[in-house]
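Next come the chains, spelled out residue by residue.
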Amino acid sequence: MKLKLSLLWLIVIQISFAQQRTCGMEQKMQQIMNDPIARQQYLQQQAQFEVELQKMATLSRNSNAVNNVQTIRIPVAVHYPSAGAVTESVKTCLRALAQNQINILNADYNATNADIVNFTENDASFYPGISVGNLGVQFELATENHPAGTGLTNGQVAVTFGTDFLSGADSDPTWAGYMNMVVRNEGSSILGYSPLGGSPASGHTVVINRFAFGSGSGCAGFVPAAPFNLGRTLTHELGHFFNLDHTFNNGTCSTNTNCNTQGDRVCDTPEVASESYECPEVGTVGSCSFEQFALTMNYMDYVDDACMYMFTLGQENRMRAYYNAIVSQFSTTALSNNEVLDNNFKIYPNPSKGSFTIEFKELTNSYAVEVYDITGKVIYDNNFELTSSLVQTINLENTGSGVYFVNIKTDNGLLITKKIVME
Ligand SMILES: [Zn+2]
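What counts, and where the lines are drawn
Residues numbered from 1 in each chain as written. Predicted model: local features only at pLDDT ≥ 70, side-chain atom pairs only at ≥ 80, totals over all residues. Heavy atoms only, no water. Donors = N, O, S within 2.8 Å, 3.2 Å for Na, K, Ca; no water. Helix = DSSP H or I, 4+ residues; strand = E, 2+ residues; numbered from the N terminus. Buried < 20%, exposed > 50% of the residue type's maximum accessible area, 1.4 Å probe, protein only. Pairing = 2+ DSSP bridges. Axes fitted to C-alpha atoms, helices over the stretch in contact; angles between N-to-C directions. pLDDT = per-residue confidence, 0-100. Contact = heavy atoms within 4.5 Å. Phe/Tyr/Trp six-rings, centres within 6.5 Å; stacked < 30°, edge-to-face > 60°. Parallel < 35°, antiparallel > 145°, perpendicular 65-115°, else oblique. Left-handed = near helix turned anticlockwise from the far one by under 90°. Disulfide = S-S within 2.5 Å. Arc of directions from axis to C-beta. Polar contact = N/O pair within 3.5 Å; in protein donor to acceptor, adjacent residues only side chain to side chain.

1. Quick notes on the coordination of the zinc ion
Coordination of the zinc ion by the protein involves Cys23 (SG), His236 (NE2), His240 (NE2) and His246 (NE2), with metal-donor separations of 2.0 to 2.2 Å. Donor residues for the zinc ion sit on one chain with the sequence pattern C-x212-H-x3-H-x5-H. In this pair, cysteine 23 is assigned in the loop between helix H1 (2-17) and helix H2 (25-34) and histidine 246 in the loop between helix H8 (232-241) and strand E7 (277-278), connecting sequence segments 223 residues apart. Classification of cysteine 23 by relative accessible area gives buried; the value is 8%.

Have a look at this one:
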């Protein structure tokens, strides 16, 4: 009998752990709207956003959206408030976890995520007229000109340990100008939250629960737990930061719908009355319209990490307008001037058949090369020290074909990422 009871407990514990997605954005917004100053800032920013949205409506979707002539770079700082006393090796692990999460964001926000093919090759047929969106931004851990008093020096990545953000608050003017991500214990019910339309100038943060940050085996106290172990909680919450609402916002099927002002205010996401959980099969969940299915694989629904994999073009436009409204708030000096390094080396051949050469114009003292795939998985990692050669050949004969990213980091902190295609 005793054994049976403990088995029952085990089942109860497992059920309570296999939770459904929850997001604290709406509570966060209530807090902001109840604070007169924060509310006024919020309304001002939304007014700016509307101006940008109008501007975009007059432009056809061309250069920026499709060709990404110039990649937008966003300086990121990641904060682990509870990790002030951890060992150096745990800190190293947590910095890698931060980079892993950023790699996931860069895939999801550029529609280069591996599972986007689920949509393009199959699911799209259930959604006539809906296209994949791609904000075309590059999130990068900031490395230069860190805020005074943070103890970080030039060349170090902006990952902090023990920073309490004004005793546990969600914003801190010290970190104004950064895309701040705070990873901490938020209990077991909330995966994360963000303001709906965040303000870098106010040092706003996106908060992620410590078991829903990044992917892989994680680090002590910060282990990604299924089904939220693929880093998509941050993809979802950053959508809020860039002014995207939940696809199920309002929770009713309205009559006389104006999709520009009701629901999620995005016209190409089918209107739905409620959220979807876990992993619905495509074509099984209806929307408010008899002619359309719910877009359950959208990042702004409540499905599991493995089952969300796309933004729509309408969401892209809304995020881009919001980005345009806040771009001047991002620090312009927190990222290294990659051009220096960019002009100093080349990678060839690209596309490559499995091995490629990195050639430097001048000798650098030492540098690290890291190659990762579009899921953020590192497939090559090596340090070259005091090398007297201007060329390095990297052999990756056994990797599959596809798009990969090569990170080169010099000992003075310069970091550059180049895309390489393997055939
Ligand atoms: Zn949400």
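2. Focus: the sheet that holds strand E10 (residues 355-360)
Whether parallel or antiparallel, the strands of a sheet pair through hydrogen bonds between backbone atoms. Taken in spatial order, the 3 strands of this open sheet run E9-E10-E13, and their pairing is antiparallel. Looking at the sheet topology across the chains shown, the edges are occupied by strand E9 (345-348) and strand E13 (391-395). On average, adjacent strands in this sheet sit at an angle of 20 degrees to one another, irrespective of strand direction. Both E9 and E10 contribute to a ladder of 4 bridges, which runs antiparallel. Paired with phenylalanine 345 across the two strands is phenylalanine 360, which belongs to E10.

3. Focus: the confidence of the model for the chain
Scored by pLDDT, the chain comes out at a mean of 86, with 87% of its residues at no less than 70. In the predicted structure, residues 1-18 sits below a pLDDT of 50 and forms 2 contacts with residues beyond four places in sequence or in another chain. Segment residues 61-70: pLDDT under 50, and 11 contacts once partners within four positions in sequence are set aside and those in other chains are kept.

4. Digging into the packing of aromatic side chains
A full pass over the atoms with the stated rule returns 15 aromatic pairs. Residues phenylalanine 49 and tyrosine 322 carry aromatic rings whose centres are separated by 6.0 Å and whose planes lie at 50 degrees to one another, so their mutual orientation is tilted. Of this pair, phenylalanine 49 sits in helix H3 (residues 36-57) while tyrosine 322 sits in helix H9 (residues 313-326); the two residues are 273 residues apart in sequence, bridging distant segments of the chain. Just as phenylalanine 49 is buried, tyrosine 322 falls in that class too. Geometrically, the ring pair formed by tyrosine 277 and tyrosine 302 is tilted, given 5.9 Å between the ring centres and 40 degrees between the ring planes. Taken together, the positions of tyrosine 277 in strand E7 and tyrosine 302 in strand E8 (residues 302-303) put the pair 25 residues apart, joining distant regions of the chain. Overall, the relative accessible area of 29% leaves tyrosine 277 in the partly exposed class. You can call tyrosine 302 buried: its relative accessible area is 9%. Counting every residue linked through ring pairs, the aromatic cluster contains Tyr80, Phe161, Phe213 and Phe222.

5. Some words on the packing of helix H5 (residues 88-108) against H8
Close contact between H5 and H8 brings their axes to 9 Å; oriented N to C, the two are set at 60 degrees. Judged by the inter-axis angle, H5 sits oblique to H8. Seen from above, H5 lies across H8 with right-handed handedness. Along the contact surface, H5 presents Gln101, Ile104, Leu105 and Asp108, while H8 presents Arg232, Leu234, Thr235 and Leu238.

6. Quick look at the state of the cysteines
Going through the model one piece at a time under the given rule, you end up with 4 disulfides. Paired through a disulfide, cysteine 93 and cysteine 219 show a sulfur-sulfur distance of 2.2 Å. Because the torsion about its S-S bond is -90 degrees, the bridge between cysteine 93 and cysteine 219 counts as left-handed. On the criterion of sequence distance, the pair formed by cysteine 93 in helix H5 and cysteine 219 in the loop between strand E6 (205-209) and H8 is long-range, its members being 126 residues apart. Relative accessible area serves as the criterion here: at 26%, cysteine 93 is assigned to the partly exposed category. Sulfur-sulfur distance for the disulfide between cysteine 259 and cysteine 267 comes to 1.9 Å. Across the S-S bond of cysteine 259 and cysteine 267 the torsion is about 90 degrees, and the bridge reads as right-handed. We classify cysteine 267 as partly exposed; its relative accessible area is 43%.

7. Concerning the pairing of E10
In sequence, E9 turns back onto E10 through a hairpin of 6 residues, with glycine 354 there showing a positive phi of about 135 degrees. The pairing of E10 with E13 spans 5 bridges and is classified as antiparallel. Across the sheet, the residue bridging to serine 355 is asparagine 395, located in E13.

8. As for unusual backbone geometry
Here the residue pair alanine 226 and proline 227 is connected by a cis peptide bond, since its omega of 5 degrees sits within 30 degrees of zero. Along the chain, proline 227 falls in the loop between E6 and H8. Of note, the bond from asparagine 350 into proline 351 is cis; its omega dihedral lies within 30 degrees of zero at 5 degrees. For asparagine 145, which is not a glycine, the phi torsion comes out positive at approximately 50 degrees. In this structure, asparagine 145 sits in the loop between strand E2 (137-141) and strand E3 (159-161). With a relative accessible area of 45%, asparagine 145 lands in the partly exposed category.

9. Things to note about H2
Along H2, the positions that sit buried rather than exposed are Met25, Lys28, Met29 and Ile32. When H2 is viewed along its axis, its buried side chains cluster within an angular range of 100 degrees and face the same direction. Among the exposed residues of H2, those oriented more than 90 degrees off its buried face are Gln30 and Asn34. Each element contacted by the buried residues of H2 is listed here: H3, strand E5 (192-193) and H8.

10. Overview of the side chain of histidine 204
Note on placement: histidine 204 falls in the loop between E5 and E6. Taking the relative accessible area as the measure of exposure, histidine 204 reaches 15% and is therefore buried. Within the structure, the side chain of histidine 204 is placed 2.9 Å from the backbone nitrogen of serine 199, a separation counted as a polar contact.

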